[in-house]
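Analysis of the macromolecular model
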Amino acid sequence: MPDRQPFPPDFLDSVRAIVGERGLLTDPSSVAPYLEDWRRLYKGSSQAVIRPANTAELAAVVRLCAQSRTPIVPQGGNTSMVGGAVPNEDSSEVVISTSRLLRIRDLDEVDMTLTIEAGVTLKAAQMAAAERGCLLPLSISSEGSAQIGGVLAVNAGGNNTVRYGNARDLVLGLEVVLPDGSIWNGLRRLRKDNTGYCLRQLFVGAEGTLGIITAAVLKLVPQPKEVAVALCAVGSPEAAIGLFKRFQMSDASSLNAFELMTGLGIRFVLKHIPDTLMPVETQTPYYVLVEMTTTRPEAGLRLLLEKTLEQAMEDGIVADAVIAESDAQRAAIWKLREEHSEAQKREGASIKNDVSVPISKIPAFIQEAAQACEALMPGIRAVPFGHIGDGNIHFNLEQPVDCDGAWFLAQGEAVMDTVNEVVRRFDGSFSAEHGIGRLKPHMLEEWRGGAELALMKQIKAAIDPAGIMNPGKVLP
Ligand SMILES: Cc1cc2nc3c(=O)[nH]c(=O)nc-3n(C[C@H](O)[C@H](O)[C@H](O)COP(=O)(O)OP(=O)(O)OC[C@H]3O[C@@H](n4cnc5c(N)ncnc54)[C@H](O)[C@@H]3O)c2cc1C
């Protein structure tokens, strides 16, 4: 890669004058962790990682970048699955990390809102809400590292979308540093506010291409009083969807998560992740994790769960099931699901497809996509899992046993095309919750071309005319 000096000579000195020594990393070993994505698909290069301590500092740095036309890569927890938060390879970009924007500015138990800075991890935000008897109803497996800014920038979905929607549905207000370095303070906490275009929703899901989110007002809900979790063995995705329908009919408002896993995916977790245990003895090709919660005291949720499962067993939909009897058992069941990505990483090379189809089409989609991949590459191991209660399947494919991992990854395009061909037949989306990042801009052209993409490009040109915000991501 060319090792060119892209910045004006005094650029880094000017940055240092704004953020101080603590806010500027230039030593290659300190910069290195910010340059590679979680999946290790990309290894970028940059001479500087800038870590402002507050919104004013961040805005001043962006102003400096705008003056010198220095491209910026915003970065939160760097857990993007699509390489969205790493710079390119030619050292021309700076990384602006939000990891020092750590203040919880306000929690209001009447408004049920949390006003929080972008660098707080999702887990820390959940804990701050829990301390005051509230729940931030967004949960993703990477929540210990993913930061609020990143979560909003990609419109993360996760386990509770079935009940509370995506990150987008939880945002009432935003504070954003725009590409010219000005600050838009839209930190309103209003449930009703029809005053022109809804600007905050432009920045949610824009993956850092329109500005840097520095703080947000998020909706909270009351902490649940009762939680019931079960792991159910089912013979097929049809049975899983049948069970979903039953839970919806019995008490849709309590259904908090409905997750599909395969027997193979669980075996990978048991093999690679310490302290994991399979509580269900009956072996079936698929398993469902169902979580119900309620704020109603003594609502009898466990009984409802038990009855629904008993009936489903009588009707041959469920082969076996275990209901968690303690917090520890609940956590153990959830661990089987949450460690799926990590276990697949340790098993070998895997190609990920974060797709969605209408819920009713999930069984046919899984069957046809698995067949198509097997026809493309005999021995490829399909490990679909995910949030089927909202139609989102991570249709991941593990390399055939004994095949070369690098060779397998080189087939990524062909494998993704094969899966997407089936997604298209079922009117689905090629990116349900992970976004576009650096991995999929060419697909955006193919899937959202015409008026839709033209409009996106006009919005980008209007807000970031110099194109310095996360270039090469999202838009082709
Ligand atoms: C093990 C694992 C499990 C995951 N599970 C889920 C899941 O269930 N659901 C889900 O939706 N995702 C999931 N993800 C993907 C990822 O964790 C989420 O996309 C997460 O929301 C990203 O947050 P982050 O802080 O790490 O963002 P980063 O990876 O740092 O950045 C993501 C994108 O947002 C931009 N960005 C970051 N911060 C800001 C900001 N403050 N302002 C503007 N742009 C910004 C970056 O430039 C980049 O384009 C998972 C990832 C892993 C590794």
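Residues numbered from 1 in each chain as written. Predicted model: local features only at pLDDT ≥ 70, side-chain atom pairs only at ≥ 80, totals over all residues.

Counting its secondary structure elements, the protein chain contains 17 helices and 19 strands. Taken against the 2.2 N^0.38 rule, which gives 23 Å for 476 residues, the C-alpha radius of gyration of the protein chain at 23 Å falls within 12% of a compact globule. Based on the C-alpha atoms only, the size of the protein chain along its principal axes is roughly 75 × 55 × 45 Å. Counting the 476 residues in the protein chain, one finds 48% classified as buried. In the protein chain, once contacts between residues fewer than 6 apart in sequence are set aside, the share between residues at least 24 apart is 75%. (Helix = DSSP H or I, 4+ residues; strand = E, 2+ residues; numbered from the N terminus. Rg over C-alpha atoms; globule rule 2.2 N^0.38 Å. Buried ≥ 20, exposed ≤ 12 C-beta atoms within 10 Å, placed from the backbone. Contact = placed C-beta atoms within 7 Å.)

According to the domain assignment, the protein chain consists of domain 1 (11–97), domain 2 (104–222), domain 3 (226–340) and domain 4 (348–431). If you average the C-alpha positions of domain 1 and of domain 2, the two centres end up 22 Å apart. Counting residues at the interface gives 15 residues for domain 1, matched by 20 residues for domain 2. Looking at which element gives the most residues to the side of domain 1 that touches domain 2, the answer is helix H3 (residues 55–68), with seven residues. (Domains from an automatic or database assignment.)

Next up on the list: the packing of helix H8 (residues 237–251) against helix H13 (residues 362–376). Packing of H8 against H13 brings their axes to within 8 Å, and their N-to-C directions diverge by 160°. One way to sum up the angle between H8 and H13 is to call them roughly antiparallel. The crossing of H8 and H13 is right-handed. For the pair H8 and H13, contact is made by Pro237, Glu238 and Ile241 and by Ile362, Pro363 and Ile366, respectively. (Axes fitted to C-alpha atoms, helices over the stretch in contact; angles between N-to-C directions. Parallel < 35°, antiparallel > 145°, perpendicular 65-115°, else oblique. Left-handed = near helix turned anticlockwise from the far one by under 90°.)

Another aspect to go through is the sheet that holds strand E1 (residues 24–25). An order of E1-E2-E4-E3 is seen for the four strands of this open sheet, with the pairing classed as mixed. Two strands lie at the open edges of the sheet, namely E1 and strand E3 (72–75), each paired on one side alone. Bridge count between E3 and strand E4 (residues 94–97): four bridges; the pairing is parallel. Looking at the pairing, Ile72 lines up with Val94 of E4. Most of the contacts of H3 go to E4, to which it runs at about 165°, and overall it touches strand E2 (49–50), E3 and E4. (Pairing = 2+ DSSP bridges.)

Our next topic: the site of the ligand. Surveying the vicinity of the ligand reveals 38 residues, the closest of which are Gly76, Gly84, Gly149, Gly150 and Gly208. Taken together, the elements giving at least two residues each to the shell around the ligand come down to E3, helix H5 (148–153) and strand E10 (212–219). For the shell around the ligand, the domains that each give at least three residues are domain 1 (11–97) and domain 2 (104–222). (Near = placed C-beta within 6 Å.)

Moving on: the packing of helix H9 (residues 263–272) against helix H12 (residues 340–347). The geometry of H9 relative to H12 is characterised by a closest axis approach of 8 Å and an angle of 75° between their N-to-C directions. With respect to H12, the axis of H9 lies roughly perpendicular. From H9, Gly265, Phe268, Val269 and His272 reach across to H12, where they touch His340, Ala343, Gln344, Arg346 and Glu347. For the contact of H9 with H12, the class distribution of residues is three nonpolar, four polar and two charged. (Nonpolar A, V, L, I, M, F, W, Y, C, P; charged D, E, K, R; others polar.)

In this section: the pairing of strand E12 (residues 226–234). Here E12 lies mainly inside the structure; seven of its nine residues are buried. Bridge count for E12 against strand E14 (residues 286–294) is nine bridges, and the pairing is antiparallel. Bridging from a neighbouring strand, Val229 pairs with Glu291 of E14. The pairing of E12 with strand E15 (residues 318–323) spans five bridges and is classified as antiparallel. Across the sheet, residue Ala230 finds its bridge partner in E15, namely Ile323.

Now for the sheet that holds strand E9 (residues 183–186). Across the sheet, which stays open at both edges, the five strands sit in the order E5-E6-E10-E8-E9 with antiparallel pairing between neighbours. Edge positions in the open sheet fall to strand E5 (104–108) and E9, since each of these has one partner strand only. Averaged over neighbouring strand pairs, the angle between their axes works out to 10° when direction is ignored. Here four bridges tie E5 to strand E6 (residues 113–117), and the two strands are oriented antiparallel to one another. By the bridge assignment, Leu107 is partnered in E6 with Leu114. Sheet strands in contact with helix H4 (residues 122–131) are E5 and E6, and its direction is about 145° off that of E6.

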